[in-house]
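Okay, here's what each chain looks like letter by letter:
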Amino acid sequence: FPQDKALKLLACGFSDGGVGIWDLVSLLERRAWLGHEKRVTSVTFWLNPLNGSSTLISGSTDSSIKFWNLETMQESGTLLGHTDAVLSLACSPDGKIL
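Not measured: the values here are computed from a predicted model.

What counts as what
Residues numbered from 1 in each chain as written. Predicted model: local features only at pLDDT ≥ 70, side-chain atom pairs only at ≥ 80, totals over all residues. Heavy atoms only, no water. Phe/Tyr/Trp six-rings, centres within 6.5 Å; stacked < 30°, edge-to-face > 60°. Buried < 20%, exposed > 50% of the residue type's maximum accessible area, 1.4 Å probe, protein only. Core = buried A, V, L, I, M, F, W, Y, C linked by side-chain atoms within 4.5 Å. Helix = DSSP H or I, 4+ residues; strand = E, 2+ residues; numbered from the N terminus. Pairing = 2+ DSSP bridges. Axes fitted to C-alpha atoms, helices over the stretch in contact; angles between N-to-C directions.

K.L.:
Just checking my understanding: could you explain the packing of aromatic side chains for this structure?
P.N.:
Each aromatic ring pair is summarised here by two numbers: the centre-to-centre distance and the angle between the ring planes. Following the criterion strictly, the structure yields three aromatic pairs and no others. Taking 6.2 Å as the distance between ring centres and 70° as the angle between the ring planes, the aromatic pair formed by F14 and W22 counts as edge-to-face. The exposure class assigned to W22 is partly exposed, which follows from its relative accessible area of 23%. Consider the rings of W46 and F67, whose centres lie 6.2 Å apart with planes at 65°: the pair is edge-to-face.

Structure below.
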């Protein structure tokens, strides 16, 4: 995630399945989503190498991974198929591997 944007945002997951984003300059919440069915256990920022869009990715004990577009502030996709909780997420430095 670009350093200039990453240093200005804070993301966290909640036990109710929600995800929140805060602006660290203004200290205001920018957006909160309810999308997972269970506790959110991990979040990471990702810069799409194909189009440069900024995305928040969240993982949950409901075994799903969700993508949240930070420009539109909308959910942009879900990965299903894990057989257990998603406990951590990380992206490669080039953004090509999650």
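Alright, that's what it looks like, and here's the rest.
K.L.:
Would you take a moment to explain the nonpolar core for this structure?
P.N.:
The nonpolar side chains of a soluble globular protein tend to be buried with one another. Among the nonpolar cores identified, the biggest contains eleven residues, and these are L9, A11, V19, I21, W33, V40, F45, L56, W68, L70 and M73. Elements that contribute at least two residues to this core include exactly β1 (9–13), β2 (18–23) and β4 (40–47). Membership of the second largest hydrophobic core comes to six residues, among which are W46, I57, I65 and V86.

K.L.:
Just checking my understanding: could you explain the sheet that holds β2 for this structure?
P.N.:
Strand order in this open sheet of three strands is β1-β2-β3, and the pairing throughout is antiparallel. Unpaired on one side and paired on the other, β1 and β3 (28–34) mark the two borders of the sheet. When strand polarity is set aside, the average angle formed by the axes of neighbouring strands in this sheet is 15°. Where β2 and β3 come together, six bridges link them in antiparallel fashion. Across the sheet, residue V19 finds its bridge partner in β3, namely W33.

K.L.:
Just to check I follow, could you spell out the sheet that holds strand β6 (residues 65–69) for this structure?
P.N.:
The strands making up a sheet associate through hydrogen bonds between their backbones, and the pairing can be parallel or antiparallel. Read across the open sheet, the four strands follow the order β4-β5-β6-β7; overall the sheet is antiparallel. Looking along the sheet, the strands with just one partner apiece sit at the ends: β4 and β7 (74–79). Mean inter-strand twist for the sheet, computed between neighbouring axes without regard to direction, equals 25°. Looking at chain direction, β4 and strand β5 (residues 54–60) are connected through seven bridges and run antiparallel. Its bridge partner being in β5, S42 is matched across the sheet by G59.

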